[in-house]
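Tertiary structure, described
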Amino acid sequence: VQNPEGRASNDVPFFVNDGPAAAFDPQGQSLAEILRACGWERLVGTWVDKPTGGKAVRTTYAWKIPDRVIEIVNAAGDNPSTALVAVNGADGTVFQAGGDARGATFTGTWIQADDGALVSRVSITGADGNRFDLSIRHRLSGAVSMTITLELPEPIVVEMVRVGD
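The structure reproduced in this document is the subject of the present report. (Residues numbered from 1 in each chain as written. Predicted model: local features only at pLDDT ≥ 70, side-chain atom pairs only at ≥ 80, totals over all residues. Heavy atoms only, no water.)

Structural notes on the overall build of the chain
In plain terms, the rule: Helix and strand assignments come from DSSP, with helices taken as H or I runs of at least 4 residues and strands as E runs of at least 2, each series counted from the N terminus. Buried residues are those whose accessible area, probed at 1.4 Å on protein chains only, stays under 20% of the maximum for their type, while exposed residues exceed 50% and partly exposed ones sit between those limits. It only takes one pair of heavy atoms within 4.5 Å for two residues to be counted as in contact. Working definition of accessibility: Shrake-Rupley area with a 1.4 Å probe, residue cover restricted to the visible protein chains.
The number of helices and strands found in the chain is one helix and 10 strands. Mapped from its N terminus to its C terminus, the chain presents α and β elements in the order α-β-β-β-β-β-β-β-β-β-β. Per-residue burial over the chain gives 36% buried out of 165 residues. In the chain, of all internal contacts separated by at least 6 residues, the share reaching a separation of at least 24 is 33%. Total accessible area on the chain stands at roughly 9,200 Å², and carbon and sulfur atoms take up 53% of it.

Pasting the structure below:
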């Protein structure tokens, strides 16, 4: 796949179609429909890190606008963050934008990887203007468990459990 600037990408858009390719049109689909089609509807709820029961990481995915916009509130140490996730009506891309308590901002897209994981690829700009890219891989590993991996040279893996809606 090549983007308008001519750069190649192997990203798989975060939507799935069980029917013929010609019948699938991601435009106009709600975020809820896309999550259901990908098996990620149970993402909505509150998740805490398993080792500390939420003292280190507590993340809530909640419908801000039912079926259309999810708000992600992440309480991690002394730097909470908030983001909104929605669908771009022009091309069906699932995107997010947010910021944290230290003044960093981030934007990115969500895709579903070939292995079924939800991958958030974000560009983060710190309050000091420094910018870096980060991929965050989410893998459901049971009805109430999820593994989040920050894909860094030394990956950071966090086991999460769902504690509420």
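Continuing now.
Points about the environment of V158
In this structure, V158 sits in strand β10 (residues 156-164). Put simply, V158 and V48 are 110 residues apart on the chain and 9.4 Å apart in space, counted from C-alpha to C-alpha. In this structure, V158 is in contact with D49, M146, T147 and I148, ignoring residues within four places of it in sequence.

Observations regarding unusual backbone geometry
Of note in this structure, D67 is not a glycine but carries a positive phi near 70°. Residue D67 is classed as partly exposed on the basis of its relative accessible area of 39%.

A word on the pattern of salt bridges
Our working definition: What makes a salt bridge here is a side-chain nitrogen of Lys or Arg within 4 Å of a carboxyl oxygen of Asp or Glu, nothing more.
Evaluated as defined, the whole model comprises five salt bridges. Residue D115 is joined to R137 by a salt bridge in which the shortest nitrogen-to-oxygen separation is 3.3 Å. Of the two residues, D115 is situated in the loop between β6 (105-112) and β7 (118-125) and R137 in strand β8 (residues 131-142); the sequence distance between them amounts to 22 residues. What makes D115 partly exposed here is its relative accessible area of 44%. The partner of E151 in a salt bridge is R137, and the shortest N-O contact between them spans 2.7 Å.

Let's talk about the environment of W63
Counting through the fold element by element, W63 comes out in strand β2 (residues 57-65). Spatially, the C-alpha atoms of W63 and G45 are 9.2 Å apart, while their sequence positions differ by 18 residues.

Side note on the pairing of strand β4 (residues 81-87)
What counts, and what does not: Whether two strands pair depends on DSSP finding at least two bridges between them.
Two elements, strand β3 (residues 69-76) and β4, share five bridges in a ladder whose sense is antiparallel. Bridge pairing in β4 places N74 opposite S81. Linking β3 to β4, which pair antiparallel, is a turn of four residues; within it G77 sits at a positive phi near 65°. Between the end of β4 and the start of strand β5 (residues 94-100), which pair antiparallel, lie six residues, with G92 showing a positive phi angle near 80°.

Regarding helix α1 (residues 31-38)
As a reminder, the rule being used: The arc in question is formed by the directions pointing from the helix axis toward the C-beta atoms.
The set of residues buried in α1 consists of L31, A32, I34, L35 and C38. Buried residues of α1, seen end-on, are gathered within an arc of 165° and therefore sit on one face of the element. Residues of α1 that are buried sit in contact with β2, β3, β4, β5 and β6.

A short note on the side chain of Q112
Worth spelling out the cut-off: Any pair of N or O atoms that falls within 3.5 Å is considered a polar contact. Within protein, one atom must be able to donate a hydrogen and the other to accept it, and sequence-neighbouring residues count only if both atoms are side-chain atoms.
As for its placement among the helices and strands, Q112 is situated in strand β6. Within the local environment of Q112, its side chain forms a polar contact with the backbone oxygen of C38, the two atoms lying 3.3 Å apart.

Re the pairing of β7
It is a general feature of regular strands that their side chains alternate between the two faces of the sheet. Inspection of the sheet shows β6 paired to β7 by eight bridges, in the antiparallel sense. Of the residues in β7, the one forming a bridge with I111 is V119. The pairing of β7 with β8 spans eight bridges and is classified as antiparallel. When the bridges of β8 are listed, T125 appears paired with R131. What sits between β7 and β8 in their antiparallel hairpin is a turn of five residues, with G129 showing a positive phi close to 90°.

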